[in-house]
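# Examining the three-dimensional arrangement
Here is how the chains run, residue by residue.
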Amino acid sequence: MWRVRRAAVACEVCQSLVKHSPGTKGSLPLQKLHLVSRSIYHTHHPTLKLQRPQLRTSLQQFSSLTSLPLRKLKLSPVKYGYQPHRNFWPARLAARLLKLRYLILGSAVGGGYTAKKTFDQWKDMIPDLSDYKWIVPDIVWEIDEYIDLEKIRKALPNSEDLAKLAPDFDKIAESLSLLKDFFTTGSPGETAFRATDPGSESDKRYRKVSDKEKIDQLQEELLHTQLKYQRILERLEKENKELRKLVLQKDDKGIHHRKLKKSLIDMYSEVLDVLSDYDASYNTQDHLPRVVVVGDQSAGKTSVLEMIAQARIFPRGSGEMMTRSPVKVTLSEGPHHVALFKDSSREFDLTKEEDLAALRHEIELRMRKNVKEGCTVSPETISLNVKGPGLQRMVLVDLPGVINTVTSGMAPDTKETIFSISKAYMQNPNAIILCIQDGSVDAERSIVTDLVSQMDPHGRRTIFVLTKVDLAEKNVTSPSRIQQIIEGKLFPMKALGYFAVVTGKGNSSESIEAIRDYEEEFFQNSKLLKTSMLKAHQVTTRNLSLAVSDCFWKMVRESVEQQADSFKATRFNLETEWKNNYPRLRELDRNELFEKAKNEILDEVISLSQVTPKHWEEILQQSLWERVSTHVIENIYLPAAQTMNSGTFNTTVDIKLKQWTDKQLPNKAVEVAWETLQEEFSRFMTEPKGKEHDDIFDKLKEAVKEESIKRHKWNDFAEDSLRVIQHNALEDRSISDKQQWDAAIYFMEEALQARLKDTENAIENMVGPDWKKRWLYWKNRTQEQCVHNETKNELEKMLKCNEEHPAYLASDEITTVRKNLEARGVEVDPSLIKDTWHQVYRRHFLKTALNHCNLCRRGFYYYQRHFVDSELECNDVVLFWRIQRMLAITANTLRQQLTNTEVRRLEKNVKEVLEDFAEDSEKKVKLLTGKRVQLAEDLKKVREIQEKLDAFIEALHQEK
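Rules used throughout
Here, residues in each chain are numbered from 1, in the same order as that chain's written sequence. Reporting of local features is limited, given that this is a predicted model, to residues whose pLDDT is at least 70; pairs of side-chain atoms are given and counted only at 80 or more, and all residues count toward the totals for whole chains, interfaces and linings. For the side-chain quantities, the full set of heavy atoms in the structure was used; hydrogens and water were omitted. Secondary structure counts use DSSP, requiring at least four H or I residues in a row for a helix and at least two E residues in a row for a strand, with both numbered from the N terminus. For the exposure calls, accessible area comes from a 1.4 Å probe over protein chains only, and a residue counts as buried if that area is under 20% of its type's maximum, exposed if over 50%, partly exposed in between. We call two residues contacting when some pair of their heavy atoms lies within 4.5 Å. Throughout, the Shrake-Rupley method with a 1.4 Å probe supplies accessible areas, and for residues the shown protein chains are the sole cover considered. Axes here refer to lines fitted to C-alpha atoms; in helices the fit is confined to the stretch in contact. Angles between the N-to-C directions go from 0 to 180 degrees. Working definition: roughly parallel below 35 degrees, roughly antiparallel above 145 degrees, roughly perpendicular at 65 to 115 degrees, and oblique for all remaining angles. Charged means Asp, Glu, Lys or Arg here, nonpolar means Ala, Val, Leu, Ile, Met, Phe, Trp, Tyr, Cys or Pro, and polar covers whatever is left, Gly included. Residues enter patches when their relative accessible area tops 30% and they take part in no salt bridge; the joining distance is 9 Å for like charges and 5 Å for the nonpolar side chains Val, Leu, Ile, Met, Phe, Trp and Tyr. What counts as a salt bridge is simple: a side-chain nitrogen of Lys or Arg found within 4 Å of a carboxyl oxygen of Asp or Glu. The positive count covers Lys and Arg only, the negative count covers Asp and Glu only, and His and the chain ends enter neither. One atom stands in for each charge, and that atom is NZ of Lys, CZ of Arg, CG of Asp or CD of Glu. What we call a nonpolar core is a set of buried Ala, Val, Leu, Ile, Met, Phe, Trp, Tyr and Cys residues that are connected through their side-chain atoms within 4.5 Å. Should the near helix be turned counterclockwise from the far one by less than a right angle, the crossing is left-handed, whereas a clockwise turn marks it as right-handed. Known as pLDDT, the predictor's per-residue confidence is scaled from 0 to 100. The definition used for a disulfide is geometric: two cysteine sulfur atoms within 2.5 Å. Each residue after the first adds 1.5 Å to the expected span of a helix. Along the arc lie the directions from the helix axis toward the C-beta atoms. When DSSP finds two or more bridges between a pair of strands, those strands are recorded as paired. Only Phe, Tyr and Trp rings are paired, with Trp represented by its six-membered ring, and only when their centres lie within 6.5 Å; those with planes under 30 degrees apart are stacked, over 60 edge-to-face, the remainder tilted. Whenever a nitrogen or oxygen atom comes within 3.5 Å of another N or O atom, the pair is scored as a polar contact, on the condition that within protein one atom can donate a hydrogen and the other can accept it, and that pairs from neighbouring residues in sequence are kept only if both atoms are in side chains.

## Overview of the overall build of the chain
Within the chain, the secondary structure is distributed over 35 helices and nine strands. Counting only residues that meet the buried cut, the chain has 41% of its 960 residues in that class. For the chain, the proportion of contacts with a sequence separation of at least 24, taken over those separated by at least 6, is 79%. A total of about 56,200 Å² of accessible surface is found on the chain, and carbon and sulfur atoms cover 51% of it.

## Describing the packing of helix α12 (residues 301-309) against helix α20 (residues 541-581)
Remark: α12 packs on α20, axes separated minimally by 9 Å, with the N-to-C direction vectors making an angle of 80 degrees. By the criterion of interaxial angle, the relationship of α12 to α20 is roughly perpendicular. Listed contacts from α20 to V304, M307 and I308 of α12 are T541, L544 and S545. The class makeup of the residues in the contact of α12 with α20 is four nonpolar, two polar and no charged.

## Notes on a negative patch on the surface
A cluster of acidic residues, E944, E947, D950 and E954, forms a negative patch on the protein surface. Look at E947 and you get exposed, because its relative accessible area is 52%.

## Remarks on the nonpolar core
Of all hydrophobic cores here, the largest spans 101 residues; its most connected members are W625, Y637, W660, W741 and I883. A total of 17 residues in this core trace back to one element, the largest contributor, which is helix α33 (residues 875-919). When neighbours within four sequence positions are excluded, W660 is seen to be in contact with V628, H631, V632, I636, L665, P666, I883 and M886. Grouped together as the second largest cluster of nonpolar side chains are 67 residues, F341, L939, V942 and I945 included.

## With respect to the packing of helix α22 (residues 613-641) against α33
Two elements in contact, α22 and α33, have axes separated by 8 Å at closest approach and are oriented at 140 degrees. Comparing their axes, α33 and α22 come out oblique. Handedness of the α22/α33 crossing: right-handed. Residue composition of the contact of α22 with α33, grouped by class: 18 nonpolar, five polar and three charged.

## Some remarks on the side chain of E519
Topologically, E519 is positioned in helix α18 (residues 512-525). Buried and unpaired, E519 has R516 as its nearest opposite-charge partner, separated by 6.5 Å. In this view, E519 contacts M307, V501, V502, T540 and T541; residues no more than four positions away in its chain are not counted.

## A closer look at the pattern of salt bridges
Any two side chains of opposite charge can pair if their charged atoms end up close together. Per the counting criterion, the structure on display carries 40 salt bridges. In this structure, D398 engages K301 in a salt bridge whose closest nitrogen and oxygen atoms are separated by 3.2 Å. In this pair, D398 sits in strand β6 (residues 394-398) while K301 sits in helix α12, placing the two residues 97 residues apart along the sequence. For the residue pair D398 and K301, the accessibility class agrees, reading buried in each case. Where E749 meets R857, a salt bridge forms, and the shortest distance between an N and an O atom there is 2.3 Å. Of this pair, E749 sits in helix α27 (residues 738-767) while R857 sits in the loop between α31 (830-855) and α32 (860-864), and the two are 108 residues apart along the sequence. Using a relative accessible area of 39% as the deciding quantity, one classes R857 as partly exposed.

## Observations concerning the confidence of the model for the chain
Averaged over all residues, the pLDDT of the chain equals 75, while 70% of them reach at least 70. Note on residues 1-87: pLDDT under 50 across the span, and 67 contacts to partners over four residues away in sequence or across chains. The model gives residues 182-200 a pLDDT under 50, and that stretch makes 20 contacts with residues more than four places away or in other chains.

## Notes on the state of the cysteines
For the coordinates displayed, the defined rule picks out one disulfide. Between the sulfur atoms of C856 and its disulfide partner C874 the distance amounts to 2.0 Å. Across the S-S bond of C856 and C874 the torsion is about -100 degrees, and the bridge reads as left-handed. Of this pair, C856 sits in the loop between α31 and α32 while C874 sits in the loop between α32 and α33, placing them 18 residues apart in sequence. By the burial criterion, C856 is buried, and C874 matches it.

## Let's talk about a positive patch on the surface
Where like charges cluster on the molecular surface, the positive patch consists of K699, K710, K923 and K926. Counting residues per element, the ones that place at least two in the positive patch are α25 (698-711) and α34 (921-927). In this structure, K710 sits in helix α25.

## Quick notes on α18
Helix length check: α18, at 14 residues, gives a terminal C-alpha distance of 20 Å against a target of 20 Å (1.5 Å per residue), a fit within 8%. Here α18 has its buried residues at I512, I515, Y518, E519, F522 and F523. Looking down the long axis of α18, one finds its buried residues gathered within 125 degrees of arc, a one-sided arrangement. Looking at the buried residues of α18, the elements they touch are α12, α16 (469-475), β9 (497-500), α19 (527-530) and α20.

## Digging into the pairing of β9
Because side chains alternate across β9, one face comprises the buried residues G497 and F499, and the other comprises Y498 and A500, equally buried. In this sheet, β9 lies alongside strand β8 (residues 462-467) in parallel orientation, the contact comprising four bridges. Among the inter-strand pairings, F464 is bridged to a residue of β9, identified as Y498.

## Some details on unusual backbone geometry
Residue S298 is not a glycine yet carries a positive backbone phi of 65 degrees. With respect to the helices, strands and loops of the structure, S298 is situated in the loop between β1 (291-295) and α12. A relative accessible area of 45% means that S298 is categorised as partly exposed. In the Ramachandran plot, Q310 falls in the positive-phi region, its phi being about 60 degrees despite a non-glycine side chain. Its relative accessible area of 22% is what places Q310 among the partly exposed residues.

## Examining the sheet that holds strand β3 (residues 338-341)
Within a sheet, neighbouring strands are paired by backbone hydrogen bonds and run either parallel or antiparallel to one another. Strands sit in the order β4-β3-β5-β2-β6-β1-β7-β8-β9 across an open sheet of nine strands; the sheet is mixed. If you trace the sheet from one side to the other, it starts and ends with β4 (348-349) and β9, each paired once. Its contacts with the sheet put helix α13 (residues 353-370) on β2 (327-333), β3, β4 and β5 (382-388), and the angle it makes with β5 is roughly 160 degrees.

## Comments concerning the packing of aromatic side chains
Aromatic ring pairs are reported here in terms of the distance separating the ring centres and the angle at which the planes meet. According to the stated counting rule, one finds 17 aromatic pairs in the structure shown. Both rings, one in W553 and one in F952, keep their centres 6.5 Å apart while their planes meet at 25 degrees; by these two values the pair is stacked. Of this pair, W553 sits in helix α20 while F952 sits in helix α35 (residues 931-959), and the two are 399 residues apart along the sequence. Judged by relative accessible area, W553 falls into the buried class, the value being 5%. Classification of F952 by relative accessible area gives buried; the value is 0%.

## Some remarks on the pairing of β1
Of all five residues in β1, five are buried; the element is thus mostly enclosed. Residue alternation in β1 divides its side chains into two sets, V291, V293 and G295 and V292 and V294, and both sets are buried. Examined bridge by bridge, β1 and β6 share three bridges and lie parallel to one another. Residue pairing in the sheet places V293 in a bridge with D398 of β6. As judged from the five bridges shared by β1 and strand β7 (residues 432-438), these two strands associate in the parallel manner. Across the sheet, the residue bridging to V293 is L434, located in β7.

## A short note on the environment of L657
Within the secondary structure, L657 sits in helix α23 (residues 646-663). Its relative accessible area of 3% is what places L657 among the buried residues. Once the C-alpha coordinates of L657 and L730 are considered, the two residues, 73 residues apart in sequence, prove to be 7.4 Å apart. The contacts of L657, once residues within four sequence positions are left out, are I636, L730, L879, R882 and I883.

## Some details on the environment of E634
Mapped onto the secondary structure, E634 falls in helix α22. Apart from the residues lying within four places of it in its own chain, the contact partners of E634 are P639, R755 and R842. Only 3.4 Å separates the side chain of E634 from the side chain of R755, close enough to count as a polar contact.

Right, dumping it as structure tokens:
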């Protein structure tokens, strides 16, 4: 009986459950019973015909997680106190199996959808390799002729169909939680009641805590997922780098040789280089985009640039200003990570530390070279190209850091100069301003943000970058302050985007890879991301470079055609002005004019070698005699001529000639030769060429002449060899024929007459005009001239009385002359008497010597007999013959040295000077001036800029 009662009670429970279960639709009565009841009693019923497939269907429908009712179960009261001791393990086992089946089904559907979406993303990221089909064999490109790929693609399910198969995971999670509570060990009634009682306070608190934990867990999972996909994307990009590196490299096997075109960014960089040298005097300004990097000193500008360029390429210093002039860095993609300057062919391998050190040293040297004396910074730009696999294509300009205080060692105007340089770059309406702010210092100390706000008040072309976020997060008490900086709420400055980066641990020896790993690790564990203060796309230098590159190319596409149109208009205006002013002249710019002038100068130097030897010797002999004539007459001839006999005369002459040759004569001869060469060179350089002469080259030729002469030095060994030659020439006294004797007399007469003329001019200046000039030209003598004239007359009377008077006056003779003048009322000084006597006696002596020279014309016969038994002695003629012969031999020697050595050395110096001037643009601007030159220069630059812009625009359209 007890068994019948217990079964009845169990059946009543089953019926109550089945009534409240809307998922049961079977028609058999036994299928509506509870699983526990069937397992205990109904298995022994004689009419039971239970089929396992039907039971499985009933269980599956009942266990559907989407239709489980959330209501209280009505349990019939049990009158007997007996409770079963079974744990109902078959039911829990079945529920676990059903749960596992749904998890497997959901994972399969979700995994398929995720795989399809990842495949689509990867397919979009694969680069277009249509231009590099020549690398892959032809059979690969013809595979579509044998396999219908389109049919296979259509047969695959798309992402929408896969999404329809996915279950509602929110409802699955909720149902699983309820099932877990339902099948928990313990009293079934209590478990069901707790799971379905919405009014329980403890359950509400548990649900609130559970929701908060779920939110935190989901945020953490989302962050890990983002970082996971970030690593996957970086791995794909690394593989893409290697692939593009292989594509860009030349085929060493020689199967395919294809000349790679110049990259788009290189073409754009060349346009900017030409524009930087363009003199905008025709209201055409440079509005092409650049990425201008500005920031306070030591804010991390250089580090950000190096992270973008993926190499430590800039000089570094601890707190010292290192960026002293703008550096234009052109980033482009290439097979090798290299750097090179615009004006140099040397490539620096950025994967080698020694090349990196050499590059930093070269940049520092160029900066110091650009800085003029007395300045700290310079506006002159250094152009640097950096190529490497995976680099974002753009042009960045690193500017000197903005300072607030001028320290010792800086120029007083350093602060204003930096501001003017920064404003000059930022006032370009198409320039992208990359504003760098140090996150480790107080925002109120920033200077650059105010400057950027003035230049771009609406923030339409500004990108804000907060550096050293690791130090900021470590030191800042309120993390929300960093969020306010990133969101642009703390500064009045507006921006297109806000980014946060980490530039290393402050160690200058850190590699780029180490900094990148440190940055990734920091943001992976940063509270700024976990608390959603920063978004994932706002962090890391890689995301920054992608955003800057996209903004840069967008700005380029929007502005380049407008800039090209403005240069077309400028070109038309310049061409019209040239046709109106210089219709018959070619448009030669400064470099072309310099080449033309260079050829003319070299032709004129070569013409020096065409000067005849006779001309060289004549001008050398004449110039040398003009230089030494005074010494010969005053110091050699006059003292010797005042001796009493011929023996003393010859002895005096030999001694003085020897002294002169040893000390002065060779040096004077070399000076004369060098001056003669200069005069001839100047004559060829400056003489007009008739109608072909162009005065635009005059300043350049004069500068080349002066610089060449300054650099030229005569051979030091010339004096030694010349001294021996001159000494031997002066020792020779043998006149071979009458012709040489007459030539010596003629040379002597010319020399004495020239000295006599000079002496008479000196006397005339001393005593004033004679009576003819006073009557004809109405001139009068001064009081001093009158005194000199009276003294001269008195001295002439003395000479008439004694024509053999020696060259010096005795003291008693001076006294006599003074007293005679005082008797006539003329007060004179003894020194005045001596000065007047010197000129008077010189004139008397020269006249006497000229008379003696006429007598010696017939003295060659006596010379051959050595003047034996003859009252006529012509030793002075022999002296002048020796001087004349020495001049001829010296002129011949100097001529040989000029034509064989010095002219060639001078020509070499001229070539060196021209080469130096060709490399010095400032020299050419200074020496080749004028409206014509400037107009041609501007016209050439505008044409060059327009051609490069047109080529760039065409390449830009082809890339689209």
